[in-house]
Structure formats: C-alpha cells, structure tokens
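So the chains spell out like this:
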Amino acid sequence: MNQHLDHVDRIQAAWRTERPDLDVSPQRVIGRLHRIAVRLTDELAVVYAQYGLSEGEFDVLAALRRAGEPYERAPGEIALHTMVTTGAVSKRLDRLEEAGLVSRHRSDADGRGRVVRLTSAGERLFDKAFTAHMANERRLLAMLTQSEADQLETLLKTWLGRIEPGD
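Below: a short report on this structure. Since the structure is predicted, the reported quantities are computational estimates derived from the model, not experimental observations.

What to know about the pattern of salt bridges
Now for step 1: Inspection of every chain in the model, using the stated rule, returns 10 salt bridges.
Now for step 2: In this structure, Asp6 and Arg32 form a salt bridge, with 2.7 Å as the shortest nitrogen-oxygen distance. Placement of the pair is Asp6 in the segment before helix 1 (7-18) and Arg32 in helix 2 (residues 27-50), with a sequence separation of 26 residues.
Now for step 3: By relative accessible area, which is 24% here, Arg32 ends up partly exposed.
Now for step 4: Where Glu77 meets Arg73, a salt bridge forms, and the shortest distance between an N and an O atom there is 3.3 Å.
Now for step 5: Note on Glu77: relative accessible area 33%, which makes it partly exposed.
Now for step 6: The buried category is assigned to Arg73, whose relative accessible area is 8%.
Now for step 7: Three or more residues are tied together by salt bridges with common partners; here these are Asp6, Asp9 and Arg32.

Rendered as structure tokens:
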C-alpha cells in the first residue's frame with residue numbers, strides 16, 4: 001500500500017484540526033475518486049482534441065456509432081445515450097454538422113420526426129478517434145495490475161448498481 005501523504009490526506013488532516021467533531025473519513029474514497037475523475041477527464045480530452053473533438057462531441061459521435069447501421073438516432077435518443085439535455089445535444093450537433101461529421105434529416109419511419117446520421121467522414125474520424133481513445137484508456141489502466149483493475153471494476157460496478165438501480 002502507498003504510504004506517502006497525498007492531497008486528500010492533507011485536506012483530511014486540516015479538517016481534523018478545524019472540525020474534530022466531524023467524521024471526514026468519506027473523503028478518503030469520495031475525494032480520491034473525484035480527483036481521479038478530473039485527472040482521467042483531462043487525460044481523455046487530450047486524445048479527443050487530437051481529432052478536433054470535445055468530450056461532448058466525441059460522446060455524440062459514439063452514441064451514433066453504437067446505434068449500428070445506418071448510424072442514426074433522434075436527437076432525444078442521443079440525449080438519453082449521452083446523459084445530457086436535448087439543448088446541449090443540439091449545440092453539439094450544430095458543431096458536428098458544420099464539420100461535416102453528422103447530417104440531420106427527416107426520419108424515414110416518421111416524416112415528421114428528425115434524425116441525426118453519422119456521415120461517412122464522421123464514421124471514419126470517429127473510428128480513428130475511438131481506436132486512439134481505447135489505447136489511451138488501456139495506458140491509463142495499465143497503472144494498475146490486472147488483479148487491481150478487476151477488483152476496482154467489481155467494487156465500482158457494485159457501487160454504481162446501488163446508486164443507479166435499474167440501469
């Protein structure tokens with residue numbers, strides 16, 4: 001186990017002095033998870049930027065690519081698959097459409113509805129970006145042993161299942 005004091009240890013020590021009446025032990029996990037999430041987001045964003053994408057734009061393209069042929073979804077469906085509001089999706093779609101990576105058109109199934117489709121240029125760019133993204137995630141996870149990664153996955157899946165029941 002790593003014995004050096006980290007940022008969270010120092011924060012907890014300060015709180016033990018300032019608020020000895022309060023149990024700050026949850027920070028041992030939550031504080032570290034938060035710091036890891038921020039660092040991971042920064043590390044992942046580097047790869048997105050190499051392909052001219054923001055994290056949100058990458059997420060929209062991923063939702064379309066996961067849809068399977070013909071790689072299209074309604075904007076509301078994209079919002080569900082990216083966990084952002086329809087308004088936020090709309091802004092991302094404007095930028096992606098301007099870049100020629102997606103197109104918007106009337107639904108073949110329902111002439112009144114609109115759908116967003118990944119263009120062939122969007123598919124090519126996303127597939128390259130996703131390959132690089134997976135290599136980057138592999139690099140980041142390689143900081144743990146396989147056993148550690150497996151244990152962490154089990155713990156996080158259990159916890160997430162309790163926070164997001166029914167997903």
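A closer look at the sheet that holds strand 2 (residues 102-106)
Now for step 1: Taken in spatial order, the 3 strands line up as 1-3-2 in an open sheet, and their pairing is antiparallel. The sheet is open, and its two edges are formed by strand 1 (72-73) and strand 2, each paired on a single side.
Now for step 2: Strand direction decides the pairing type here: strand 2 and strand 3 (residues 114-118), joined by 5 bridges, are antiparallel. Note that in strand 3 the partner of Arg104 across the bridge is Val116.

Thresholds, definitions, all that
Residues numbered from 1 in each chain as written. Predicted model: local features only at pLDDT ≥ 70, side-chain atom pairs only at ≥ 80, totals over all residues. Heavy atoms only, no water. Salt bridge = Lys/Arg side-chain N within 4 Å of Asp/Glu carboxyl O. Helix = DSSP H or I, 4+ residues; strand = E, 2+ residues; numbered from the N terminus. Buried < 20%, exposed > 50% of the residue type's maximum accessible area, 1.4 Å probe, protein only. Pairing = 2+ DSSP bridges.

These figures come from the coordinates and say nothing about function on their own.
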